[in-house]
Amino acid sequence: MQSLRLYSGGDDGLVCSWDLSSRSLEACADAHSSAVTCVKPIGSSHVVSTSRDSSIQLLSHGGKAGLQSLQSLHTTEPIDTAIVLHGFCIGAGESGIEALLR
């Protein structure tokens, strides 16, 4: 049985996964150099995070390996949110759409 996960992001740039069944911290990744603004799960083993450091991170939850960065994209301005549609991640900042990540 696959466990239920909750993902969180903090002002310290960490993206963490939590096991809701055991109510315990599973893993954290030092994904950003500034506050995380958005965390969106993609399927059962990936998560996209955005940050005030102007980056979008695609992370994989590798079981015992924890959260690992798969792809990073830096933009021209801080990213406030992300939308995931059909395998594409669209990051948006104050000036509109900033980046695409697949």
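See the structure above.
Residues numbered from 1 in each chain as written. Predicted model: local features only at pLDDT ≥ 70, side-chain atom pairs only at ≥ 80, totals over all residues. Heavy atoms only, no water.

Enquirer: Lay out the side chain of S60 in plain terms, naming residues and giving numbers.
Expert: Following the sequence through the fold, S60 ends up in strand β6 (residues 55–61). For S60, a relative accessible area of 15% puts it in the buried group. For S60, the contacting residues outside a window of four places in its chain are S45, H46, G66, L67, Q68 and L70. (Helix = DSSP H or I, 4+ residues; strand = E, 2+ residues; numbered from the N terminus. Buried < 20%, exposed > 50% of the residue type's maximum accessible area, 1.4 Å probe, protein only. Contact = heavy atoms within 4.5 Å.)

Enquirer: So what's going on with the sheet that holds strand β3 (residues 24–30)? Residues and values would help.
Expert: Read across the open sheet, the 3 strands follow the order β1-β2-β3; overall the sheet is antiparallel. Looking at the sheet topology across the chains shown, the edges are occupied by β1 (5–9) and β3. Sheet twist, expressed as the mean angle between neighbouring strand axes with direction ignored, is 20 degrees. As defined by bridge partners, strand β2 (residues 14–19) adjoins β3 across 6 bridges and the pair is classed as antiparallel. When the bridges of β3 are listed, S17 appears paired with A27. (Pairing = 2+ DSSP bridges. Axes fitted to C-alpha atoms, helices over the stretch in contact; angles between N-to-C directions.)

Enquirer: Could you give an account of the environment of G66, with specific residues and numbers?
Expert: Relative to the assigned elements, G66 resides in the loop between β6 and β7 (67–74). The buried category is assigned to G66, whose relative accessible area is 7%. When the C-alpha atoms of G66 and S17 are compared, they prove to be 8.5 Å apart, with 49 residues separating the residues in sequence. Residue contacts for G66: discarding those within four places in its chain leaves A27, S60 and H61.

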